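Here is how the chains run, residue by residue.
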Amino acid sequence: MIRVLFAAGAKCWSEYELVLPEALEAKGLTVDLSRDHAPGTVDYIVTAPNGDVQDYRPYRCCKLVQNIWAGVENLTDNPTLTQPLARMVDPGLTRGMVEWVTGHVLRHHLGMDRHILGQDGIWRSEIPPLAADRPVTVLGLGALGSACATTLSDLGFPVRGWARRDKEIPGVEVFSGHDGLDAVLRDAQIVVLLVPLTALTRHLLNAERLALLKRNTIILNPGRGPLIDDGALIAALDSHLGHATLDVFETEPLPADHPFWAHPKVTVTPHIASATRPATAATVIAENIRRGEAGQPFQHLVDRERGY
Ligand code: NDP
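Residues numbered from 1 in each chain as written. Predicted model: local features only at pLDDT ≥ 70, side-chain atom pairs only at ≥ 80, totals over all residues. Heavy atoms only, no water.

A. View of the overall build of the protein chain. Broken down by element type, the protein chain carries eleven helices and twelve strands. Considering the protein chain as a whole, with its 308 residues, one finds that 52% of them fall into the buried category. Restricting to contacts in the protein chain with at least 6 residues of sequence separation, those with at least 24 account for 63%. Roughly 14,700 Å² of accessible area belongs to the protein chain as shown, and the carbon and sulfur atoms make up 54% of that amount. Side-chain charges in the protein chain split into 29 positive and 36 negative, and the spacing between the mean points of these groups amounts to 3 Å. (Helix = DSSP H or I, 4+ residues; strand = E, 2+ residues; numbered from the N terminus. Buried < 20%, exposed > 50% of the residue type's maximum accessible area, 1.4 Å probe, protein only. Contact = heavy atoms within 4.5 Å. Areas by Shrake-Rupley, 256 points an atom, 1.4 Å probe, with all protein chains shown as cover. Lys, Arg positive; Asp, Glu negative; His and termini not counted. Charge placed at Lys NZ, Arg CZ, Asp CG, Glu CD.)

Below you can see the structure in the form of structure tokens.
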């Protein structure tokens, strides 16, 4: 009998207990799935950074800790978590992110606010440019960034992307390294941040890099708050940037007195860009457990050196 500890918290359990047993069964696995196993007997842990387990040391036989979040920065800094760690790559999560990014890119591209907010009797007949005339840059080309970049390219936007390593994504011009970052920032009219938060990406957009952006450039940040230096962002908005739509923040919930709430060039969304969808994520979890039992390599393992 395979013992799986569900440690992602009571609220998640109420959703996953409806779909995870079936997904495990569909993989031919006989599993004792519970929120309450003796630590020494646990084979796999399904977890979340804010879940039930914070000290992973007693789980001596655990073959894999499977996170149900895509972001792992609050697990990689846990010194007790020495077991293999997998992040979540969930088709439902990816689709949600593609929809949020596409929606917010189109809002700014088409200048929708002018017509939604400006119902003031003035006939503003400015025709928006086509997507082909609006270069978009996507920082981070992993599960989420590459899907967003591909969709934006399919819509006709010239898309440049930036990742740690070179890669081929049809319709996307890929850059890497510091020079690559400077190049993709200089040419963009809309910049989307989808890199993970690591030691190397904290304050990736600092005052120096924000200064590279053209007048009226739009920033969308559904990645992580600390990817941008908040103070530098406000200064750049006040000087030359067009707008920042921010879904993630250094402190969440964003404090009521934070200047972002009142800034005329900032849109705040409350960390809702996307979320793991239990119906599709259950299959991802079950597949990794199947792999573990079959002696096959796990999917989506976190590289502890790189931090993602
Ligand atoms: P992945 O790990 O699949 O992709 C990360 C990408 O970032 C890769 O392309 C990677 O490059 C690149 N990258 C990482 N470090 C660097 C670096 N130092 N320099 C250049 N590129 C770098 O992550 P996901 O796409 O699954 O998720 C991205 C992030 O989105 C998550 O970490 C999380 O923070 C955030 N997120 C936000 C949500 C929300 O609701 N707001 C929901 C879900 C996730 P390479 O390809 O070369 O490895």
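Additional details are given in the paragraphs that follow.
B. Examining the site of the ligand more closely. Close to the ligand lie 30 residues, the nearest being Leu141, Arg165, Lys167, Pro222 and Tyr308. In this structure, Arg224 approaches the ligand through a side-chain N or O atom, which is 3.3 Å from an oxygen atom. Here the ligand loses 95% of its free accessible area of 940 Å² to cover by the protein chains. Elements with a contribution of two residues or more to the shell around the ligand: α4 (91–110) and α6 (143–154). Of all the elements, α6 adds the most residues to the shell around the ligand, at three residues. (Near = heavy atom within 4 Å. Polar contact = N/O pair within 3.5 Å; in protein donor to acceptor, adjacent residues only side chain to side chain.)

C. Layout of the sheet that holds strand β5 (residues 85–86). Spatially, five strands are ordered β2-β1-β3-β4-β5 in an open sheet, and the strand pairing comes out parallel. Each of the sheet's edge strands pairs with one partner strand only, and the pair in question is β2 (31–34) and β5. Where strand β3 (residues 44–47) meets strand β4 (residues 64–67), four bridges bridge the pair, whose relative direction is parallel. Looking at β4, one finds that Tyr44 is bridged to Leu64. In this fold helix α11 (residues 278–294) packs onto β1 (2–7), β3, β4 and β5, with an angle of close to 160 degrees to the strand it touches most, β3. (Pairing = 2+ DSSP bridges. Axes fitted to C-alpha atoms, helices over the stretch in contact; angles between N-to-C directions.)

D. Summary view of α6. Over its twelve residues, α6 runs 17 Å from end to end, which matches the ideal 16 Å to within 8%, given 1.5 Å per residue. In terms of residue burial, α6 counts as a mostly covered element, since nine of its twelve residues are buried. Turning to α6, its buried residues are Leu144, Gly145, Ser146, Ala147, Cys148, Ala149, Thr151, Leu152 and Ser153. At its buried positions, α6 is contacted by α4, β6 (136–139), β7 (159–162) and β8 (172–175). Where α6 ends, the next residue or the one after it, Gly156, has phi of about 110 degrees, a positive value. (Expected span 1.5 Å × (residues − 1).)

E. The arrangement of the domain arrangement of the protein chain in detail. When its domains are assigned, the protein chain resolves into domain 1 (2–90 + 276–294) and domain 2 (91–268). Placing a centre on the C-alpha atoms of domain 1 and another on those of domain 2 gives a separation of 32 Å. With both sides pooled, the region where domain 1 packs onto domain 2 buries about 760 Å², and carbon together with sulfur makes up 59% of that total. If you sort the residues of domain 1 by the area they bury against domain 2, Glu73, Asp90 and Arg277 come out on top, with a joint share of 57%. Here domain 1 and domain 2 share one salt bridge between them. At the surface where domain 1 touches domain 2, the tally comes to five residue pairs in polar contact (both at pLDDT 80 or more). Within the side of domain 1 that touches domain 2, the residues separate by chemical class into five nonpolar, three polar and three charged. (Domains from an automatic or database assignment. Buried area = accessible area lost by both parts, 1.4 Å probe. Salt bridge = Lys/Arg side-chain N within 4 Å of Asp/Glu carboxyl O. Nonpolar A, V, L, I, M, F, W, Y, C, P; charged D, E, K, R; others polar.)

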